[in-house]
Amino acid sequence: PPVGEHSVAKRVAGFVIFGGLVGGTATLCTWQTSRYFWKLDAIEQRKRDLRRDPEALESVLDEMAAAGAFDAASKANAKPAPNA
């Protein structure tokens, strides 16, 4: 190919590659900025939650329910029993 055409192709390729890098960097910058403000909001929400008065344990336990019976024969030990 003539010298002029080759340099045009290189120039276009350079613009495409450089433009992709700039676009990728801008995308990451936007993502990090939104993540930063989301994190600040999450920290503030956690601080508000920690400043609240504690709930009585009974109110939390009232929401839980369990049914059934314990079957000792089907239990599994996490580690071997010590030799006694």
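What you are looking at is a predicted structure, and each value in this text was computed from that prediction instead of being measured.

K.L.:
How would you sum up the pattern of salt bridges? Please name residues and give values.
P.N.:
Tallied over the entire structure, the rule returns two salt bridges. Here Lys 47 and Glu 44 are joined by a salt bridge, their closest N and O atoms 3.8 Å apart. One end of the pair, Lys 47, and the other, Glu 44, are both in helix α1 (residues 3-51), three residues apart, so they sit about a helical turn from each other. Taking relative accessible area as the criterion, Lys 47 reaches 41% and is therefore assigned partly exposed. The partner of Asp 49 in a salt bridge is Arg 52, and the shortest N-O contact between them spans 3.8 Å. For Asp 49, a relative accessible area of 31% puts it in the partly exposed group.

K.L.:
Quick one: what's the story with a nonpolar patch on the surface, residue by residue and with numbers?
P.N.:
Taken together, the side chains of Tyr 36, Phe 37, Leu 40 and Ile 43 make up a nonpolar region of the molecular surface, amounting to roughly 390 Å² of accessible area. Topologically, Leu 40 is positioned in helix α1. According to the relative accessible area criterion, Leu 40 is partly exposed, its value standing at 36%.

Each value, and the rule that gives it
- Residues numbered from 1 in each chain as written.
- Predicted model: local features only at pLDDT ≥ 70, side-chain atom pairs only at ≥ 80, totals over all residues.
- Heavy atoms only, no water.
- Salt bridge = Lys/Arg side-chain N within 4 Å of Asp/Glu carboxyl O.
- Helix = DSSP H or I, 4+ residues; strand = E, 2+ residues; numbered from the N terminus.
- Buried < 20%, exposed > 50% of the residue type's maximum accessible area, 1.4 Å probe, protein only.
- Patch = residues over 30% accessible without salt bridge, like charges linked within 9 Å, V, L, I, M, F, W, Y side chains within 5 Å.
- Areas by Shrake-Rupley, 256 points an atom, 1.4 Å probe, with all protein chains shown as cover.

Keep in mind these values describe shape, not function.
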